[in-house]
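# Residue-level structure breakdown
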Amino acid sequence: MADSGRGEADGANDVSDVPAWDEGSQSMEPMEMTENSSAQAIVKEKMHGVMKSFRGSIRRVGEKSPLSLKYKGSKSKEMGNTPDLLAHTPPSPNLSIGSSSPQKSTGELSLSPQDQKYQPSHSRTQSDSGILFGDELPKKREAGRWSFRLGSKKDKTAAQTPKQEQLEVVTETSAEERRPEVTGGAEEAIKSYTLPEIPLAPLSVMQINKLIEMEVLEEAYLNLLSLRMEFQSEREALGAEDSPVELAHKEKDLSLLYNALRTKLTAIIRHSCALPSRNKELLVHVACIIQEEEKREGDLGGMSGWRDAWRDAVKEGLRDTIKGVHLESHEQSASWLAVHLGLLGKAIVEDLEKVKTELVNSYPPSFNVFETYVTSCHEVVGEHLKRLLGKVKEMRDYHALLDFIIHRYDSDKILGSISLQPELTEEQRTLKLDEDFLNQIKTGYYSRVQAEMRSSLDKIIELEHEEMWKDRIKPEIDENLYNSHIHMDIWTNIKGKAQATRRLDTNLEQKVVCSCLEELKQFPKSFETAFVKWSNALEDSSLWTVYHITYINSFSALKEHMEGYRDTCPQQMEQLERELDGLVNRLSQTLLEHFQTDTKPFLRRMLTRKWLSTEEDFQQLTNRIENLSQQCKYMSPQHAQALASEVHYFVAKEYVSQLMKNNYSCKNRKNEKAASKMSEQWGELRELFQEMNSSQSWLYPVGDHLSKIVGQRNKSEIKNNLKPLVDDYPDIRITGITQRKHRKERDKD
């Protein structure tokens, strides 16, 4: 019976190990057989029709498979003459046939006497390759296919024709197709998985490890399970006895093989997006192994945490993708981060598209593959952004980081891409980061905005010195006003920062605006210090005045521009307003003081002997008023009127004060001449200040009143003219005017 069974098995090996469909492969020598040659011919004839029809498709798959003919095409020889058993892959175990194991050569690890002692009685020898455990002929498994048999219609058909293998056609889709399809066997494997029969005797540890390395996962895993079952049965047989050294060695072998298997599966999963076409078939094996191990979790000799290991491998694959995204340094490119984040988004989309179109079908639905990849993507991207934050130094980089997180990540450019819909819901697209991390980015952005605002204000002063003060360039006239670009530079700077931040976060915009105003309130004094230092050395009085008028205009305009932020930052605006008003008032006061200093010598000679005989001093006074009037035409109307009013009051006060002094007495009817001249001069002054739009119109009548009093000769007439003056100007020093008139009368007598 043994001889008969061995003969049938050898005949079956002849059919399965000599594939006639690969015409380009090296012909293989038949194994040494003892059976009848006619039986061999009958078997070959039965297989010929099926093999021929699938010759083309099987060749293509076979060439790519780790079980391709280059591994199986070598001559089968006596085990004693084989130099290296690992030079070829052993045949796959079948549902009804135990896996054959060649005798170990001198190049392999040999069993110790203790190993032989605990070796099961069914351990294979060189003659075991022909033992038949069922009525079917051994079947040649398709290369590179997960061949765990399922309860499909194809398997039912195979059961009805046990002596003829039911080959499935495997077609390889073109690279241009967007959604490659998994082969029929893979699709069924993820729906209804059934573990095939485990070999009664496992291969050696080295052989199993070699299968794992070669990614022949099916055979490797079944033999690993067989080894595990041996270990369990031997452990149970010992009962309460201590485990011998040999059993401990076998337990260690199991641990090493499981670690090797997990390492291999992790590598396949990790690189599945990088090599989707190659790994999508292997992933079917991976999924089935993970499911089977989850069923056996907690059993002796195994390893736990397979699903977690799968998720970790998914994350590692995504980390590899992110590490491969081009990243320049800040020194190489000012836009290094914006460019990198753009490339990162593109890489994320490409990976998830591969998952959706090529990898999802390799897993059962329970894996939630696409959702797992998306969730892992969120986590890995979050880790990457934290690393990037350590390299961020500039405001633009903080902005790029926030923009990527808040807007771009879930937009149609990345996770909102139409190619990822409808599987990716709107809720799943959101990148959920720690609130502390987001606040850290926002705080960094806010601080950089403030620092850049401070730096830009310093540069404004430097530019003003280089472009205007250094060469004493006269400011331009824009819209009939002396103009400087200071207020526009500052306003557009703050406005640009506010608008850019508004697109990120409205709350952050408020902080940015307030920080800018905080820095800006320090600017008026800094500018004033630099300007005063330069202008004090300026000898051209006219240019000196023009510059003051220019900056009065500029800082007044800046205040108007900043009014738009009063509701956003009321406290900062109040402080800034005080500083701007203070600078404008000081510039105006400086202009007034400059005019006063320039005109006082001429006003002091009013109502003197020289004054009565010449117009020189008064002409000098009016010339300076006219010059100031011409320059004030290019000052903002509000401040021009205020300055004109101050000048008007000063001139009137100084003119009147000369009348109160005892500098000159009019004799021989000179009082009438003095009154006439005073009336003319006040009329001329009135015209000048009316042209300057002075608001001190109440000063105009004082000249008429005084000229009438000066022109009177007797006491009663003087008193009659004093009453209207006192009514109009209650605080005027009447006693001084009266005493002066009395002296004039005494001189006359």
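Up top you'll find the structure we're talking about.
An account of the accompanying structure is given in this report. (Residues numbered from 1 in each chain as written. Predicted model: local features only at pLDDT ≥ 70, side-chain atom pairs only at ≥ 80, totals over all residues. Heavy atoms only, no water.)

The helix and strand tally for the chain stands at 28 helices and two strands. Taking all contacts inside the chain whose residues are at least 6 apart in sequence as the whole, residues at least 24 apart take part in 77%. Accessible area of the chain: about 37800 Å², with a carbon and sulfur share of 48%. (Helix = DSSP H or I, 4+ residues; strand = E, 2+ residues; numbered from the N terminus. Contact = heavy atoms within 4.5 Å. Areas by Shrake-Rupley, 256 points an atom, 1.4 Å probe, with all protein chains shown as cover.)

The next thing to look at is the state of the cysteines. Using the criterion set out here, one finds one disulfide in the structure. Residue C514 pairs covalently with C569 via a disulfide, S to S 2.1 Å. Judged by the sign of its S-S torsion, about -100°, the cystine formed by C514 and C569 is left-handed. With C514 in helix α18 (residues 506-520) and C569 in the loop between α20 (541-562) and α21 (570-603), the pair connects residues that are 55 residues apart, well separated along the chain. A relative accessible area of 1% places C569 in the buried class. (Disulfide = S-S within 2.5 Å. Buried < 20%, exposed > 50% of the residue type's maximum accessible area, 1.4 Å probe, protein only.)

Turning our eyes to something else, we now look at the packing of helix α17 (residues 486-502) against α20. Packing of α17 against α20 brings their axes to within 8 Å, and their N-to-C directions diverge by 20°. Looking at the two axes, α17 sits roughly parallel to α20. Judged by the twist between their axes, the crossing of α17 over α20 is right-handed. Every residue of α20 that contacts α17 at I486, H487, M488, I490, W491 and I494 is listed here: Y551, S554, F555, A557, L558, H561 and M562. In terms of residue class, the contact of α17 with α20 is made up of 10 nonpolar, three polar and no charged. (Axes fitted to C-alpha atoms, helices over the stretch in contact; angles between N-to-C directions. Parallel < 35°, antiparallel > 145°, perpendicular 65-115°, else oblique. Left-handed = near helix turned anticlockwise from the far one by under 90°. Nonpolar A, V, L, I, M, F, W, Y, C, P; charged D, E, K, R; others polar.)

Let us now look at the environment of L438. Structurally, L438 can be placed in helix α16 (residues 435-469). For L438, a relative accessible area of 17% gives the class buried. For the pair L438 and K386, spaced 52 residues apart in the sequence, the C-alpha separation amounts to 9.9 Å. When neighbours within four sequence positions are excluded, L438 is seen to be in contact with I405 and L433.

Here the focus is helix α23 (residues 616-632). Under the 1.5 Å per step criterion, the end-to-end length of α23 is 24 Å for 17 residues, consistent within 8% with the ideal 24 Å. For α23, the complete set of buried residues consists of D617, F618, L621, T622, I625, L628, S629, Q631 and C632. Contacts from the buried residues of α23 go to β2 (481-483), α20, α21, α22 (609-613), α24 (637-660) and α25 (670-691). (Expected span 1.5 Å × (residues − 1).)

Across its 22 residues, α25 extends 32 Å between first and last C-alpha, which sits within 8% of the 32 Å expected from 1.5 Å per residue. Taken residue by residue, α25 has N671, A674, A675, K677, M678, Q681, W682, L685, L688 and F689 as its buried positions. When α25 is viewed along its axis, its buried side chains cluster within an angular range of 165° and face the same direction. Counted as exposed and oriented over 90 degrees from the buried face of α25: K673, E680, E687 and E691. Positive backbone phi, approximately 65°, marks N693, located one or two places after α25. (Arc of directions from axis to C-beta.)

Attention now goes to the pattern of salt bridges. Applying the stated criterion across every chain yields a total of 29 salt bridges. Residues R319 and E383 are paired through a salt bridge, measuring 3.0 Å at the closest nitrogen-oxygen approach. Note that R319 is positioned in helix α12 (residues 306-323) and E383 in helix α14 (residues 369-389), a separation of 64 residues in sequence. For the salt bridge of E577 with K559, the shortest nitrogen-to-oxygen distance reads 3.6 Å. With E577 in helix α21 and K559 in helix α20, this residue pair connects regions lying 18 residues apart in the sequence. For E577, a relative accessible area of 21% translates into the label partly exposed. The exposure class of K559 is partly exposed, given its relative accessible area of 23%. One salt-bridge network, in which partners are shared between bridges, spans R270, E316, R319, D320 and E383. (Salt bridge = Lys/Arg side-chain N within 4 Å of Asp/Glu carboxyl O.)

This part takes up the side chain of H648. Following the sequence through the fold, H648 ends up in helix α24. Ignoring sequence-local partners within four residues, the contact set of H648 consists of F689, S694, Q696, L699 and Y700.

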